Amino acid sequence: RPKEEMQNRCAVNVRTEQCCGEHRRRLELFCQEDEAFICVLCVPRHSGHSFVFLHDAVSVYKDKLKASLSSLELKVRDLKDLQTKTETEFREIEEHAVNLEKYIAEEFVKLHQFLHDKEQKLIYQLNSKASEILKEMEENLECIKSGITEIHS
């Protein structure tokens, strides 16, 4: 392809211009229907088509490209703004999740401590009640023993 492009160029007054590959003439016109640059000898093959001079076509397409570029730049800016917003939201959600996990862990530590304290209190109450009942039963047993001893004596 580069070889073809080199063959399609004409040297005119020290500057290089595109030339028609078939006629080796300078491309001066733009066929609007075919969207192609042509030389004046190619015009009969494009009968019924409309033409503009090359520099006019370049100007029109340059304006179209500028408009497209401007539109794309706006889209890029909007997408960058969206990216920044999304990244910020992502970091905030990540931070919130870490904080929530820490909070849950802290609450479970408190809950474990509460349950441990409650367990110790209930065990203490059970042991106290059991000691009280056993002491009472022991006193009753002593009374029964002394009653039996009195009866035997």
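Now for a look at the structure at hand.

This brings us to the sheet that holds strand β4 (residues 36-38). Taking strand neighbours across the sheet as the criterion, the three strands line up as β4-β3-β5 in an open arrangement whose pairing is antiparallel. At either margin of the open sheet sits one strand with a lone partner, and together these are β4 and β5 (51-53). Averaged over all pairs of adjacent strands, the angle between their axes in this sheet comes to 35°, without regard to strand direction. Here helix α2 (residues 54-152) sits on the sheet and contacts β3 (29-31), β4 and β5; the angle it forms with β5, its principal contact strand, is near 95°.

If you walk through the whole model with that rule in mind, you get five salt bridges. A salt bridge links E132 to K129, with the nearest nitrogen and oxygen atoms 3.8 Å apart. Of this pair, E132 and K129 both sit in helix α2, separated by three residues, roughly a single helical turn.

This part takes up the nonpolar core. Core analysis: the largest hydrophobic core is formed by six residues, namely C20, L27, L29, I38, C39 and C42. Contact partners of L27, with chain neighbours within four places excluded, come to Q18, C19, C20, F37, I38, C39 and L54.

We now examine a negative patch on the surface. A cluster of acidic side chains, namely E136, E138, E139 and E142, defines a negative patch on the protein surface. With respect to the helices and strands, the residue E138 is situated in helix α2.

How each quantity is defined
Residues numbered from 1 in each chain as written. Predicted model: local features only at pLDDT ≥ 70, side-chain atom pairs only at ≥ 80, totals over all residues. Heavy atoms only, no water. Pairing = 2+ DSSP bridges. Helix = DSSP H or I, 4+ residues; strand = E, 2+ residues; numbered from the N terminus. Axes fitted to C-alpha atoms, helices over the stretch in contact; angles between N-to-C directions. Contact = heavy atoms within 4.5 Å. Salt bridge = Lys/Arg side-chain N within 4 Å of Asp/Glu carboxyl O. Core = buried A, V, L, I, M, F, W, Y, C linked by side-chain atoms within 4.5 Å. Buried < 20%, exposed > 50% of the residue type's maximum accessible area, 1.4 Å probe, protein only. Patch = residues over 30% accessible without salt bridge, like charges linked within 9 Å, V, L, I, M, F, W, Y side chains within 5 Å. Areas by Shrake-Rupley, 256 points an atom, 1.4 Å probe, with all protein chains shown as cover. Lys, Arg positive; Asp, Glu negative; His and termini not counted. Charge placed at Lys NZ, Arg CZ, Asp CG, Glu CD.

None of this, on its own, says anything about what the molecule does.
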